[in-house]
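What the coordinates show
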There are 2 protein chains.
Amino acid sequence: MSITITAFRNSPDQGRGLARDMRVRWALEEVGQPYRVRLVTFAEMREPEYRALHPFGQIPVYQEGDLVLFESGAIVLHIASRFPGLLPSDPDNRARALSWMFAALNTVEPPIVELEQTTLLEGDRAWHAGRRPLMEKAIRKRLDELAAWLGEGDWLEDRFAAGDLLMVTVLRRLEGMGILDDYPTLADYAVRGTTRPAYQRAFAAQYAAYASGGEG
Amino acid sequence: MSITITAFRNSPDQGRGLARDMRVRWALEEVGQPYRVRLVTFAEMREPEYRALHPFGQIPVYQEGDLVLFESGAIVLHIASRFPGLLPSDPDNRARALSWMFAALNTVEPPIVELEQTTLLEGDRAWHAGRRPLMEKAIRKRLDELAAWLGEGDWLEDRFAAGDLLMVTVLRRLEGMGILDDYPTLADYAVRGTTRPAYQRAFAAQYAAYASGGEG
């Protein structure tokens, strides 16, 4: 059954690979599954037809036969459950990998997205400069804890798994903010993720959609 | 194998049932599994011994034999995967339930937590009154979308599932903010969740720990 995902027709990050379809592309590349991409405009994402697929009008949507999924975390988990390569086979280790998936998206990502979003939406407000150190502090607290856990390890648990995939995409959101420079082991960890051949293929595919001006 | 979870010795919300062990208690009650609770202080949560169980020093931790899990979403998913009652048996419907679990925690909850946290930590700053409408707008956008999806339905999909469990605990965080009053179908939906016998038992157990002054 063929897999189709949706992605932005007009990349808000200009092809930097931060849009959330990147997680799904990467996961599909890790498990060796081909997929098609349907590019959608922001206007299309507000239409009832798209809302029937994605109640919150975001990308990516994942379609496989009659199955329609949304939320990048759920889609990555579905892919990881359906095809071997992204979750350990032992049930306990598999459950640990789940903890890291949720930690990436619920504990580490939210303060990073808050800084991103408020910079975008409130960057010109008088209060933004005053709030920035508070937001950075919240991010650094999580990075301190993550670095303490990771130590000198390559991955969050014994082997690369879906939790690492999500965590690396979350850490990439910090690029250009100057924060990750203070966490060399986390920066190295992110590079370990992004130099995986599957990541590289996913990035190239996402970039190609951007570079073609959203043709596809 | 007996199940033990951790919870706050001193309830920050004074027994209102918003601490994240509530989700896990509720899930365990839904599937009919007994559990023990280990109450921990904020000081204990900062200790290396606790950090070995939970890298981010939060509650709840879930222990079952040698298995140690953290992140309430991951724990609820583990419980739902291990015991019948919280996920559909059909694989496609099961995957849909996952989408709702992640949507609750990654799309609906973050703007609510931002309002909560900034009210707590920045409530006395000059900018807070100016930011509040922006934060409320972000919450209302998600509630509009959620209400549009739910329509007149009882649950997010055909039957009550783990995604509803998480979504109801997320909506409960809005109590007392006056926002949910504008969304009668969502308020009813939350009540449908909190009047379930399993929720009531979970709430009573969490409240009892609070009312005993954290003895337990």
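Residues numbered from 1 in each chain as written. Chains lettered and ligands numbered in written order. Predicted model: local features only at pLDDT ≥ 70, side-chain atom pairs only at ≥ 80, totals over all residues. Heavy atoms only, no water.

The name an unreviewed UniProt entry gives chain A is Glutathione S-transferase family protein, with Chelativorans composti as the organism.

**Let's talk about the interface of chain B and chain A**
Facing the 39 residues of chain B at the interface are 39 residues of chain A. A combined buried area of about 3700 Å² lies between chain B and chain A, and 64% of that area is made up of carbon and sulfur atoms. It is B:Phe56, B:Phe102 and B:Trp127 that lose the most area in chain B upon contact with chain A, and together they represent 18% of the buried surface on that side. Counting across the chain B and chain A interface gives four salt bridges. A:Arg51 serves as the salt-bridge partner of B:Glu145, at 2.9 Å between the closest nitrogen and oxygen. Counting every contact that joins chain B to chain A gives 12 residue pairs in polar contact (both at pLDDT 80 or more). Listed by contribution, the elements that provide at least two residues to the side of chain B that touches chain A are helix 3 (48–53), strand 4 (67–70), helix 4 (72–82), helix 5 (91–122) and helix 6 (128–150) of chain B. (Contact = heavy atoms within 4.5 Å. Buried area = accessible area lost by both parts, 1.4 Å probe. Salt bridge = Lys/Arg side-chain N within 4 Å of Asp/Glu carboxyl O. Polar contact = N/O pair within 3.5 Å; in protein donor to acceptor, adjacent residues only side chain to side chain. Helix = DSSP H or I, 4+ residues; strand = E, 2+ residues; numbered from the N terminus.)

**Considering the pairing of strand 4 (residues 67–70) of chain A**
Along any regular strand the residues' side chains alternate between the sheet's two faces. Residues and elements named next belong to chain A. In strand 4, alternate side chains face the same way, and those of Leu-67 and Leu-69 on one face and Val-68 and Phe-70 on the other are all buried. By the bridge criterion, four bridges tie strand 3 (residues 61–64) to strand 4 in an arrangement that is antiparallel. Residue pairing across strands places Gln-63 opposite Val-68, the latter belonging to strand 4. Between strand 3 and strand 4, which pair antiparallel and follow one another directly, the connecting turn spans two residues, one of which, Gly-65, has a positive phi of 60°. (Buried < 20%, exposed > 50% of the residue type's maximum accessible area, 1.4 Å probe, protein only. Pairing = 2+ DSSP bridges.)

**Comments concerning the relation of the copies chain B and chain A**
Think of it as a corkscrew move, a rotation about one axis and a shift along it, taking one chain copy to the other. The two copies are related by a screw operation: chain B maps onto chain A through 180° of rotation and 0.0 Å of translation along the axis, at an RMSD of 0.0 Å. Taken together, the rotation and translation relating the two chain copies correspond to the operation of a two-fold axis. Residue by residue, 100% of the interface of chain B is reproduced at the interface of chain A, so both copies engage with the same surface. (Least-squares fit on C-alpha atoms with pLDDT ≥ 70 in both.)

**Here's the deal with the domain arrangement of chain A**
All names here are of chain A. The domain boundaries assigned to chain A delineate domain 1 (3–86 + 198–211) and domain 2 (91–196). Each of domain 1 and domain 2 has a C-alpha centre, and these two points are 21 Å apart. Residue-level contacts link 18 residues of domain 1 with 21 residues of domain 2. Summed over both sides, the interface of domain 1 with domain 2 buries roughly 1700 Å², with 56% coming from carbon and sulfur. On the domain 1 side of the contact with domain 2, Leu-18, Arg-23 and Trp-26 bury the most area, a combined 35% of that side's loss. On the surface where domain 1 and domain 2 come into contact, there are three salt bridges. One salt bridge in this structure joins Glu-30 and Arg-196, with 2.8 Å as the shortest N-O distance. At the surface where domain 1 touches domain 2, the tally comes to 12 residue pairs in polar contact (both at pLDDT 80 or more). Among the elements of the structure, helix 1 (21–30), helix 4 (72–82) and helix 9 (197–211) are those that each provide at least two residues to the side of domain 1 that touches domain 2. The element that contributes the greatest number of residues to the side of domain 1 that touches domain 2 is helix 4, accounting for five residues. Classifying every residue of the side of domain 1 that touches domain 2 by side-chain character gives 10 nonpolar, four polar and four charged. (Domains from an automatic or database assignment. Nonpolar A, V, L, I, M, F, W, Y, C, P; charged D, E, K, R; others polar.)

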